[in-house]
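Residue-level structure breakdown
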Amino acid sequence: SYLIGTSDRNNFFTNVIEDKHHRLYAMGFKGLYLKKDTVWQKLDSVSRFLHATKGLKDTTWFMKEDALYYTDAKSIIPIRLKETQTKRNYKLFIDSKGLLWVLALDGIGYFKGAHYTVVCDQAGFMSIVEYDGAYFLGSNGAGLFKWNPTTKLLQHVDAVKETSVT
């Protein structure tokens, strides 16, 4: 067993992930750590890391509150977010087409290659699932939403029909 950040017990860890190169990362409020043999190496200590996800190819994506990073076989590469892209990030999601979705407290959008598309710049989106060709989005207090990628329509789901199974 390992204890990381023993000099400061307030280092909350938000995610642990193994990438496709069998490297183990631990993300905390005080940095990103990489396990090398029996030692944990601190890779970044500027701000807190919140979430990570594996890409469809050879990458692993990491998210801070205001920045994205990805790994290739050798290094961690930062992606500078433009002012038009969402800030205060919360979660990452890779869909079946390989699009990288960024859920944030001030909106949601996705990367297709280097191009970022804003789906909505409101509501605090906390969760996403791809279902029957659409995306269902859970928010922090604004309800449930459905986004249709064909029509680009974001719809508030205000009622749920329940049917009984007999």
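Look up: the structure comes first, before these words.
Every value quoted in this text rests on a predicted model; they were computed, and no experiment measured them. (Residues numbered from 1 in each chain as written. Predicted model: local features only at pLDDT ≥ 70, side-chain atom pairs only at ≥ 80, totals over all residues. Heavy atoms only, no water.)

Topic: the environment of Tyr-110
For Tyr-110, the position within the fold is in strand β11 (residues 107-112). Overall, Tyr-110 belongs to the buried group, its relative accessible area being 8%. Sequence-wise, Tyr-110 and Leu-92 are 18 residues apart; in three dimensions their C-alpha atoms are separated by 9.4 Å. When sequence neighbours within four positions are dropped, the list of residues in contact with Tyr-110 reads Leu-99, Leu-100, Trp-101, His-115, Tyr-116, Thr-117, Val-119, Trp-147 and Lys-152. (Helix = DSSP H or I, 4+ residues; strand = E, 2+ residues; numbered from the N terminus. Buried < 20%, exposed > 50% of the residue type's maximum accessible area, 1.4 Å probe, protein only. Contact = heavy atoms within 4.5 Å.)

Remarks on the sheet that holds strand β8 (residues 76-79)
Reading across the sheet, the 4 strands line up as β5-β6-β7-β8 and stay open at both edges, with antiparallel pairing between neighbours. The open sheet has two free edges, formed respectively by β5 (49-54) and β8, since each of these has just one partner strand. Strand-to-strand twist in this sheet, taken as the mean axis angle between neighbours without regard to direction, amounts to 25 degrees. One ladder, built from 4 bridges, connects strand β6 (residues 60-64) with strand β7 (residues 68-71); its direction is antiparallel. If you follow Trp-61 over to β7, its bridge partner there is Tyr-70. (Pairing = 2+ DSSP bridges. Axes fitted to C-alpha atoms, helices over the stretch in contact; angles between N-to-C directions.)

A word on the sheet that holds strand β16 (residues 153-157)
Strands sit in the order β13-β14-β15-β16 across an open sheet of 4 strands; the sheet is antiparallel. Every other strand in the sheet has two partners, leaving β13 (125-131) and β16 as the edge strands with one partner each. For this sheet, the mean inter-axis angle between neighbouring strands, taken without regard to orientation, is 25 degrees. Pairing between β13 and strand β14 (residues 134-139): 6 bridges, direction antiparallel. Of the residues in β14, the one forming a bridge with Phe-125 is Ser-139.

A look at the packing of aromatic side chains
Counted according to the given criterion, the structure contains 9 aromatic pairs. When the ring of Trp-101 is compared with that of Tyr-110, the centres are 4.9 Å apart and the planes differ by 45 degrees; the resulting orientation is tilted. Between Trp-101 and Trp-147, the ring centres sit 5.4 Å apart and the planes meet at 75 degrees, which makes this aromatic pair edge-to-face. Pair noted here: Trp-101 is in strand β10 (residues 100-104) and Trp-147 is in strand β15 (residues 144-148), with a separation of 46 residues, a long-range link. Of the two residues, Trp-101 and Trp-147, both sit in the buried class. Among the aromatic residues, ring-to-ring pairing joins Trp-101, Tyr-110, Tyr-135 and Trp-147 into one connected group. (Phe/Tyr/Trp six-rings, centres within 6.5 Å; stacked < 30°, edge-to-face > 60°.)

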